[in-house]
Amino acid sequence: MKEERVEKIRSLLYRELSYYIKTKMNIEDFQITRVLLSPDLKKAKFFFIIYSSDQDKGKVEEFLNRNSKRIRNDLFRSLRLRVVPYFIFEYDRGCLM
């Protein structure tokens, strides 16, 4: 049962965060590739790629990590979760884009 809940929250965060970053933060050509969620639901690590070559991947990663608290607060208001995990963003270097 607990694994089902982790998977359900993982997919919810994947979907809602992708929408939030593309619409509210105006980061174009952005895609989340993987979401790792701790079993206790306190940490979430998002791996992402950017298709556009004119955006510096390191700067986008730094921007997202610097604004992770604001992103968490905004998502907490829209999602019905008891606890929204701590967000960590990392550029997915394993994806060939």
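Source: prediction; values computed, not measured.

Observations concerning the packing of aromatic side chains
Under the defined criterion, the tally for this structure stands at 5 aromatic pairs. Relative to Phe48, the ring of Phe30 lies with its centre 5.3 Å away and its plane at 25°, an arrangement referred to as stacked. With a gap of 18 residues between them, Phe30 in strand S1 (residues 30-37) and Phe48 in strand S2 (residues 43-50) connect regions that are remote in the sequence. No difference in accessibility class separates Phe30 from Phe48, as the two residues are buried. With a centroid separation of 5.4 Å and 25° between ring planes, the pair formed by Phe46 and Phe89 is classed as stacked. Pair noted here: Phe46 is in strand S2 and Phe89 is in strand S3 (residues 86-91), with a separation of 43 residues, a long-range link. Clustering of aromatic rings is evident, with ring pairs tying together Phe30, Phe48 and Tyr91. The cationic tip of Arg34 hangs over the ring face of Phe47; the distance from NZ or CZ to the ring centre is 4.0 Å.

Considerations on a positive patch on the surface
The grouping of Lys2, Arg5, Lys8 and Arg82 at the surface amounts to a positive patch. Here Arg82 shows up in the loop between helix H3 (68-78) and S3.

Here's the deal with H3
Of all the positions in H3, only Ser68, Ile71 and Leu75 are classed as buried. Along the long axis of H3, the arc covered by the buried residues comes to 60°, so they all point the same way. Away from its buried face, by an angle of more than 90 degrees, H3 presents the exposed residues Lys69 and Arg77. Packing partners of the buried residues in H3 comprise helix H1 (2-23), helix H2 (57-66) and S3.

A word on the pairing of S1
As paired elements, S1 and S2 share 7 bridges and run antiparallel to each other. Residue pairing across strands places Arg34 opposite Phe47, the latter belonging to S2. Hairpin connection, S1 to S2: the antiparallel pair is bridged by 5 residues, and Leu41 has positive phi, about 65°.

Here is what the cut-offs are and how they apply
Residues numbered from 1 in each chain as written. Predicted model: local features only at pLDDT ≥ 70, side-chain atom pairs only at ≥ 80, totals over all residues. Heavy atoms only, no water. Phe/Tyr/Trp six-rings, centres within 6.5 Å; stacked < 30°, edge-to-face > 60°. Helix = DSSP H or I, 4+ residues; strand = E, 2+ residues; numbered from the N terminus. Buried < 20%, exposed > 50% of the residue type's maximum accessible area, 1.4 Å probe, protein only. Lys NZ or Arg CZ within 6 Å of the ring centre and 35° of its normal. Patch = residues over 30% accessible without salt bridge, like charges linked within 9 Å, V, L, I, M, F, W, Y side chains within 5 Å. Areas by Shrake-Rupley, 256 points an atom, 1.4 Å probe, with all protein chains shown as cover. Salt bridge = Lys/Arg side-chain N within 4 Å of Asp/Glu carboxyl O. Lys, Arg positive; Asp, Glu negative; His and termini not counted. Charge placed at Lys NZ, Arg CZ, Asp CG, Glu CD. Arc of directions from axis to C-beta. Contact = heavy atoms within 4.5 Å. Pairing = 2+ DSSP bridges.

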